[in-house]
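# Reading the structure
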Amino acid sequence: MSDGREGGCACGAVRYRLASEPLFVHCCHCLNCQRQTGSAFVVIVLVEGDRIQFVAGEPQPVDVPRDDGSKQRIYRCPDCQVAIFSEYGGPAVRFVRAGTLDGPRGVTPDVHIYTKSKVGWVVLPDGTPAFDEYYDSKTLWPADRLERLRAVLPSRA
């Protein structure tokens, strides 16, 4: 993925640009993602919140219940309701839906997560780390990306 990647919703009311490479790319197979997308998984580009630049419109937050009783904040286009990104615990890191990028084919997952709920017909690629649940980013992320994460989440990284 290269700098300046752009994307938006289906109707074009919300358009954005990513100002940097992603921190990491997840392919999430959890039941919440399956339910929210109506698909077998979702590919998510993690990026610092301040590195999403809106060039048209602005998505609106919707709090969505999760299976564990918590809430996930999903930002959707106010017109067509397409989910653009999510937040978990605040705006420091945003989880951009890769399918909203203009060129989603250029996004390859760095990791598959929550594979314990993966649908049976999905075959995971050899060579890409996969975890039944989540993982420890300190053991998997490259050092430069961990530094970027520490800059926005100093107490968690």
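Everything numeric here is computed off the predicted structure, so don't read it as measured data. (Residues numbered from 1 in each chain as written. Predicted model: local features only at pLDDT ≥ 70, side-chain atom pairs only at ≥ 80, totals over all residues. Heavy atoms only, no water.)

### Remarks on the pattern of salt bridges
On inspection of all chains with the given rule, the structure shows eleven salt bridges. Of the charged contacts, one joins E6 and R17 as a salt bridge, the two residues approaching to 3.0 Å between their closest N and O atoms. Of this pair, E6 sits in strand β1 (residues 6-8) while R17 sits in strand β2 (residues 15-18), and the two are eleven residues apart along the sequence. Linked by salt bridges that have partners in common, E6, R15, R17 and D102 make up one network. (Salt bridge = Lys/Arg side-chain N within 4 Å of Asp/Glu carboxyl O. Helix = DSSP H or I, 4+ residues; strand = E, 2+ residues; numbered from the N terminus.)

### What about the sheet that holds β1?
Judged by pairing direction, the sheet is antiparallel, and its three strands sit side by side in the order β1-β2-β5 without closing on themselves. At either end of the open sheet lies a strand with only one pairing partner, and these are β1 and β5 (52-56). Taking the axes of each pair of neighbouring strands and ignoring which way they run, one obtains an average angle of 30° across the sheet. Relative to β5, β2 is paired through four bridges, and the arrangement is antiparallel. Residue pairing for β5: R17 is matched across the bridge by Q53. (Pairing = 2+ DSSP bridges. Axes fitted to C-alpha atoms, helices over the stretch in contact; angles between N-to-C directions.)

### Side note on the pairing of strand β3 (residues 24-28)
The element β3 is largely enclosed, with a buried count of five among its five residues. The side-chain alternation of β3 yields two buried faces, one formed by F24, H26 and C28 and the other by V25 and C27. Sheet analysis places β3 next to strand β4 (residues 42-48), joined by five bridges and oriented antiparallel. Among the inter-strand pairings, V25 is bridged to a residue of β4, identified as V45. Alignment of β3 against strand β10 (residues 111-113), held across three bridges, turns out to be parallel. Paired with C27 across the two strands is H112, which belongs to β10. (Buried < 20%, exposed > 50% of the residue type's maximum accessible area, 1.4 Å probe, protein only.)

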